[in-house]
Amino acid sequence: MPRALRLTPVNWMLAIILGLCAIARADEAPNQDAPLPEAFHKEAPRTLADLRAIQERIATLSDKIRQATVAVQVGGAQGSGVIVSEDGYVLTAAHVCGTTDRPATFILPDGTKLSGRTLGGDRTVDAGMMKIETNRKLPHLSIANSEKLKLGDWCIAVGHPGGYQEGRRPVLRLGRVIRKQKDVIQTDCTLVGGDSGGPLLDVNGRVIGIHSRIGPSLSWNFHVPASVYQANWKTLAQVATVPSSRGKRPVLGVSGEDHDRGMKVTDLPAGYPAKLAGLRIGDVITRIGDQEVDGLSELVKIVNDHAPGDELRLMLLRGMELVEVTVELGGRD
Amino acid sequence: MVVISPRQIARFVIFCACAAVVSTAVAEEELSEKLFKEGQSVRRAFREVVADARQYTVQLTSNGKTAAYGLILESDGWVLTKASSVSGLLKCRLPDGRVVSGFVVAEHPDHDLALVKIDAEELATVVWTDKSPAAGAWLATTGIGPLPVGVGILSVGPRAIPRQRGVIGIQIGDTRKGPVVVRVLPGSGAEQAGLRPRDIVTHLNDEVLKDRADLIERLQQFRPGDDCRLRILRLEAVQTVVVQLTAPLGEMLGRGDKQNRLGGDLSERRSGFPNAFQHDTTLTPEQCGGPVVDLDGKTVGLNIARYGRTASLALPASTVRELIPQLKSGKFPPSHPAAPPPPLPSFIGR
């Protein structure tokens, strides 16, 4: 049984406030809906025939929707994405692709790895886009008008929960739309780390949302509506220019040496991000984000995979203690 | 994946507290819980689907606490369930409401499957299917009531689920006398067993430990749920401590594992299965061990674990059926035999 959002007075208020927010109207894109079995229009399935109809529809969609779902690796971040054009535009979450114009790896369901780059992102709504660089024609899905979604609409989440696992195809989950706002859709398709950026599909196999975040309850699964991508396509599809750090390389500001637990800090030049963030000489950096740091060259590589302004979560061994420090990378010429 | 905290929501609400309250508008803005995919209204549609299977589903309690579901294999009182969930004094609630005693006869550690003998006869028995469910197929988990306790779809077909290593839950340092406990992590098996900082760990399962690296390496072989025996030196006195390993916890958790627990508990033994399929039903650990059926009402598997926030695992019917003769062979004794040991059933060695 899902432990759903309890309607405490606080949550009622939130629901009201969200309900009073005006929903901006986007252009009414015509949806070519194939006639759906009656089961999908009912408040809840009633009969065995209803259940079979739902099952059959998901079975026919399952291959197609998984084929266009990719695992995504950008620097130290892992997530999912969905291919929405033959030439490789990928919708994902902004917190997966991070800053613009960074190299990325995409893994297709059959294990093939392709490279590409991050494009634009909007962190306020967690929408991001990327592009696979390839000559091959890619399987892709079309995007639906998510504004037409109704509470209770059946939907399917696909992604790589827990991170990409070799030999495991993208993972399917079934659920229904629980709440729908301008900038977020909530469903009971359970999500977890690794799913971010993967697609939420309607029962026609079209993208209606992109997985973004979760909360303490099993029914708290939040997706960026597809309409956000359609409304902001031009900005998202561009490599954004960030004038202050254009052409600059990322810098952390440590000197160090290999240590069996990671990289031991031997110097912290004044004025640089590491010293300002509170690192100390003798600290051993063991991890950055989810990546283990084996030594100095590993650390340099991870830093270079990021951009000025990126926040890195460092795990340090200080004496016998494990300490976590967040550092914002600076830029240098 | 980003996580929203209730505090963030509370702050937002307080900021907007002057909004007008229109209570009728609220009802339309959120789907009613009973209509959720696993909500009661949807599960009601599965009443016919589980009608047969509930007649061979039992609920087991272990030392008075609800432990797991089980499925009735043979009518003269043979039940299959999740091995690591059951030990000690077992009680078994039958579909007709009677509660009888039981004890574990055999356990297959690789698959975490147990054969239990219960004190009952003339019971309905499991009806298996050879059909493997297709991706997206409905799966219903039976309990002791007329409706399934959970429903979901097949998320990933059968595959080997690699084992996750178990941890004791200590930060280990080095001394000349051997590895030393630097810190005991809260909620860990080490804390439960009474380990303290400055305890020097001299032996693991009666084998001398050279140093910290040696202890770390030897611990790799254990899984969550396993026990290990540690000999420790505390204030010059030698003690022996048995520690049960758990899944990684606290700050040893990657962020991913913390998120995995958002919304509910996971099974302690939830990895290291040679063959299991994955479905999106949100079962509690105590709801594992019994049948999971397809829309034809036939048992496609035995639920073996709540694996993560997004998944439960089940042993496929074909795998379970292959294991039955092995369980009956006498070669897989229970890990925690009931005391005093009961007489061996007559079929052992048949």
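Residues numbered from 1 in each chain as written. Chains lettered and ligands numbered in written order. Predicted model: local features only at pLDDT ≥ 70, side-chain atom pairs only at ≥ 80, totals over all residues. Heavy atoms only, no water.

K.L.:
Sorry, what's going on with unusual backbone geometry here?
P.N.:
Residues apart from glycine generally show negative phi values, whereas peptide bonds are mostly found in trans. Residue and element names in this part refer to chain B. Phi angles above zero are rare outside glycine, and Asp 112 is one such case at about 60°. Phi is positive for Arg 198, close to 85°, though the residue is something other than glycine. Within the fold, Arg 198 resides in the loop between α5 (189-193) and β12 (200-204). On the basis of relative accessible area, Arg 198 is assigned to the exposed category, the value being 71%. (Helix = DSSP H or I, 4+ residues; strand = E, 2+ residues; numbered from the N terminus. Buried < 20%, exposed > 50% of the residue type's maximum accessible area, 1.4 Å probe, protein only.)

K.L.:
Just checking my understanding: could you explain the sheet that holds strand β3 (residues 89-93) of chain A for this structure?
P.N.:
Residue and element names in this part refer to chain A. Ordered in space as β1-β2-β3-β6-β5-β4, the six strands form a closed barrel in which the pairing is antiparallel. Recorded for the sheet is a direction-independent mean angle of 40° between the axes of neighbouring strands. With five bridges joining them, strand β5 (residues 113-122) and strand β6 (residues 127-132) adopt antiparallel strand pairing. Bridged to Asp 122 within β6 is Ala 127. (Pairing = 2+ DSSP bridges. Axes fitted to C-alpha atoms, helices over the stretch in contact; angles between N-to-C directions.)

K.L.:
Sorry if this is basic, but what is going on with a negative patch on the surface here?
P.N.:
Together, A:Glu257, A:Asp258, A:Glu292 and A:Asp294 give the surface a local cluster of negative charge. Among the residues examined, A:Asp258 registers a relative accessible area of 55% and is labelled exposed. (Patch = residues over 30% accessible without salt bridge, like charges linked within 9 Å, V, L, I, M, F, W, Y side chains within 5 Å. Areas by Shrake-Rupley, 256 points an atom, 1.4 Å probe, with all protein chains shown as cover. Salt bridge = Lys/Arg side-chain N within 4 Å of Asp/Glu carboxyl O. Lys, Arg positive; Asp, Glu negative; His and termini not counted. Charge placed at Lys NZ, Arg CZ, Asp CG, Glu CD.)

K.L.:
Just checking my understanding: could you explain a positive patch on the surface for this structure?
P.N.:
A cluster of basic residues, A:Arg46, B:Lys34, B:Arg44 and B:Arg47, forms a positive patch at the surface. Along the chain, the position of B:Arg47 falls in helix α4 (residues 47-51). The exposure class assigned to B:Arg47 is partly exposed, which follows from its relative accessible area of 43%.

K.L.:
Can you walk me through the packing of aromatic side chains in this structure?
P.N.:
Remark: the centre distance and the inter-plane angle together describe each pair of aromatic rings, the angle taken between the planes. In total, this model carries four aromatic pairs over all chains according to the counting rule given. Residues A:Trp154 and B:Trp138 carry aromatic rings whose centres are separated by 6.1 Å and whose planes lie at 90° to one another, so their mutual orientation is edge-to-face. With A:Trp154 in strand β7 (residues 154-159) and B:Trp138 in strand β8 (residues 138-141), this residue pair bridges two chains. Here A:Trp154 and B:Trp138 have matching classes, each one buried. For the pair B:Phe46 and B:Trp138, a centre-to-centre distance of 5.2 Å together with 80° between the ring planes defines the contact as edge-to-face. With B:Phe46 in the loop between α3 (40-44) and α4 and B:Trp138 in strand β8, this pair connects stretches of sequence that are 92 residues apart. Grouping residues by exposure puts B:Phe46 and B:Trp138 together as buried. One aromatic cluster in this structure is built from A:Trp154, B:Phe46 and B:Trp138. We note A:Lys131 situated over the ring of A:Tyr89; from NZ or CZ to the ring centre the distance is 5.4 Å. In this structure, B:Lys117 packs its charged tip against the face of B:Trp78, placed 5.3 Å from the ring centre. (Phe/Tyr/Trp six-rings, centres within 6.5 Å; stacked < 30°, edge-to-face > 60°. Lys NZ or Arg CZ within 6 Å of the ring centre and 35° of its normal.)

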